[in-house]
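Examination of the molecular architecture
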Amino acid sequence: MNLTNYHSHSLYCDGRANMEDFIRFALSEGFTSYGFSSHAPLPFPTAWTMEWDCMDDYLAEFRRLKAKYAGQIELYIGLEIDYLNEESNPSVARFRELPLDYRIGSVHLLYNDKGEVVDVDVTADKFRKLVDEEFGGDLVRVVHLYYERLMRMVELGGFDVVGHADKMHYNAAAYRPGLLDEPWYDDLIQEYLDAIARRGYIVEVNTKSYLELGTFYPNERYFPVLLEKGIRVQVNSDSHYPERINNGRLQALAALQTSGYHTVTEMYNNEWKDMPLIIHT
């Protein structure tokens with residue numbers, strides 16, 4: 001039934017429950033494979049990322065729970081690692097040396113004109129204000145900066161799964177309706193998806209905002225493009241609450257099936273495997 005999830009945040013970062021609460025809910029929903037991916041540490045403290053001094057506890061707690069629930073569900077440990085700059089990204093040795101089962105690569109942050117870090121993973125209203133105040137209202141430049149960072153992350157590597165591949169599309173299109181139909185934007189995302197395909201990364205269909213905003217990341221319009229380029233996909237909820245781990249899953253699987261996908265990529269026996277896409281209502 002493709003009941004898996006590998007993008008999940010617990011109390012070790014900005015999640016709202018401990019790991020075991022997520023596991024118990026996953027079991028109650030019939031999940032067969034589940035992974036944790038706390039936001040990896042950044043070079044500076046934030047309200048949403050893990051600190052390095054919590055890493056040993058994170059890994060130890062996972063090992064305890066994996067042993068406790070052995071035989072009931074397959075459990076895996078990862079991190080969602082941001083591309084911030086050349087010194088802090090999924091490819092650096094400190095992240096690669098961690099005993100993780102997988103890594104998600106994401107971009108949440110840009111640098112403004114003053115060289116200050118700006119979080120662009122915000123609500124549409126906050127995004128509009130941010131573009132106007134931090135980038136002089138130049139949305140096109142902001143979008144280009146975002147995709148430049150995504151492209152550099154893809155080039156450097158060090159991860160398995162591309163997290164919420166085009167998450168800015170919702171806010172950018174809210175700022176400038178019709179943006180996704182503009183040729184220059186399509187050129188950017190096509191180049192980005194080509195780079196992902198060349199390197200063989202998995203793309204998650206992130207369902208976190210589906211029930212609230214009616215969109216997936218990447219946008220559903222690109223599902224046939226992903227298939228055409230031979231990109232493997234999986235469905236992840238990016239959940240911060242146990243009760244939301246299954247949100248949007250059925251709709252995402254149905255959309256993938258409609259786009260021509262017959263498999264999704266899941267982890268079993270410590271390996272990524274292409275599993276038949278099966279929908280049960």
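Sequence positions are assigned chain by chain, starting from 1 and proceeding in written order. The predicted nature of this model means local features are confined to residues of pLDDT at least 70 and side-chain atom pairs, given and counted, to a pLDDT of 80 or more, with totals for whole chains, interfaces and linings taken over all residues. The side-chain quantities take in all heavy atoms of the structure and omit both hydrogens and water.

As annotated in an unreviewed UniProt entry, the chain carries the name Histidinol-phosphatase and is attributed to Bacteroides intestinalis. UniProt positions are given in the numbering used here, feature names are shortened, and annotations may be inferred rather than shown by experiment. According to the UniProt record, the Catalytic activity (unreviewed entry) comment for the chain is "L-histidinol phosphate + H2O = L-histidinol + phosphate".

Think of each axis as a best-fit line through the C-alpha atoms, taken over the contacting stretch in the case of a helix, with angles from 0 to 180 degrees between the N-to-C directions. By definition, any uninterrupted DSSP run of H or I lasting at least four residues is a helix, any uninterrupted run of E lasting at least two residues is a strand, and each is numbered from the N terminus. Here helix 5 (residues 139–156) crosses helix 7 (residues 183–199) at 10°, and the two axes come no closer than 10 Å. Judged by the inter-axis angle, helix 5 sits roughly parallel to helix 7. Contact residues: helix 5 offers Val140, Val143, His144, Tyr147, Leu150, Met151, Val154 and Glu155, while helix 7 offers Trp184, Tyr185, Leu188, Ile189, Glu191, Tyr192, Ala195, Ile196 and Arg199. Under the grouping applied here, Gly and all other residues not named as nonpolar or charged are polar, the nonpolar ones being Ala, Val, Leu, Ile, Met, Phe, Trp, Tyr, Cys and Pro and the charged ones Asp, Glu, Lys and Arg. Considering only residue class, the contact of helix 5 with helix 7 consists of 13 nonpolar, 1 polar and 3 charged. Orientation is classified from the angle alone, with under 35 degrees giving roughly parallel, over 145 giving roughly antiparallel, 65 to 115 giving roughly perpendicular, and any other angle giving oblique. What makes two residues a contact is simply this: any of their non-hydrogen atoms within 4.5 Å.

Two rings belonging to Phe, Tyr or Trp (six-membered ring only in the last case) form a pair when the distance between their centres is within 6.5 Å. Interplanar angles under 30 degrees mark stacking, angles over 60 mark edge-to-face geometry, and anything in between is tilted. If you walk through the whole model with that rule in mind, you get 15 aromatic pairs. A centroid spacing of 4.3 Å and a plane angle of 20° characterise the contact between Phe159 and Tyr201, whose relative ring orientation is stacked. With Phe159 in the loop between helix 5 and strand 7 (161–162) and Tyr201 in the loop between helix 7 and strand 8 (202–206), the pair connects residues that are 42 residues apart, well separated along the chain. With respect to burial, Phe159 and Tyr201 carry one shared label: buried. In this structure an aromatic cluster arises from ring pairing among Tyr146, Tyr147, Trp184, Tyr185 and Tyr192. We count a charge as sitting over a ring when the NZ of a lysine or the CZ of an arginine lies within 6 Å of the ring centre and within 35 degrees of the ring normal. One Lys or Arg, Arg94, reaches over the ring of Trp52 and ends 3.8 Å from the middle of that ring. Working definition: with a 1.4 Å probe on protein chains only, accessible area under 20% of the residue-type maximum means buried, over 50% means exposed, and in between means partly exposed.

Think of a nonpolar core as a cluster: buried Ala, Val, Leu, Ile, Met, Phe, Trp, Tyr and Cys residues, connected wherever their side-chain atoms sit within 4.5 Å. Grouped together as the largest cluster of nonpolar side chains are 51 residues, with contacts concentrated most on Tyr147, Met168, Tyr192, Leu193, Ile196 and Leu256. Per element, the largest residue contribution to this core is 9 residues, and it comes from helix 5. Leaving out residues up to four positions away in the same chain, Met168 has contacts with Leu110, Val120, Phe127, Val142, Val143 and Tyr146.

Next up on the list: empty space enclosed by the protein. Cavities and pockets were defined on a 1 Å grid built over protein atoms only: a cavity is a set of grid points that admits a 1.4 Å probe from which the probe cannot escape, a pocket is an open set flanked by protein on both sides within 12 Å along at least five of seven lines, and lining residues are those with an atom within 4 Å of any such point. Grid points are joined across faces, edges and corners, and a volume is the space filled by probe spheres set on the points. By the definition in use, this model includes 1 cavity of 30 Å³ or more. Together, Asn2, Thr4, Gln234, Val235, Arg249, Leu253, Val264, Thr265 and Glu266 line the largest cavity. When residues of the lining of the largest cavity are traced back to their parent elements, those giving at least two are strand 9 (233–236), helix 10 (249–258) and strand 10 (263–268). For the lining of the largest cavity, the element with the highest residue contribution is strand 10, accounting for 3 residues. In terms of residue class, the lining of the largest cavity is made up of 3 nonpolar, 4 polar and 2 charged.

Two strands make a pair as long as DSSP finds a minimum of two bridges between them. The strand order across the open sheet formed by 7 strands is 1-2-3-4-7-8-9, and the pairing between neighbours is parallel. The open sheet is flanked by strand 1 (4–5) and strand 9, the only strands paired with a single partner. Sheet analysis places strand 1 next to strand 2 (residues 33–39), joined by 2 bridges and oriented parallel. For Asn5, the partnering residue across the bridge sits in strand 2 and is Tyr34.

With that settled, consider the side chain of Thr4. Secondary-structure assignment places Thr4 in strand 1. Owing to a relative accessible area of 2%, Thr4 belongs among the buried residues under this scheme. Those residues within four positions of Thr4 in sequence are excluded, and the remaining contacts are Phe31, Thr32, Ser33, Val235, Arg249, Glu266 and Tyr268.

Next up on the list: helix 2 (residues 55–68). With 14 residues, helix 2 extends 20 Å from end C-alpha to end C-alpha; this agrees with the ideal 20 Å at 1.5 Å per step. Buried residues along helix 2 sit against helix 1 (19–28), strand 2 and strand 3 (74–82). Each helix should span, by expectation, one fewer than its residue count multiplied by 1.5 Å.

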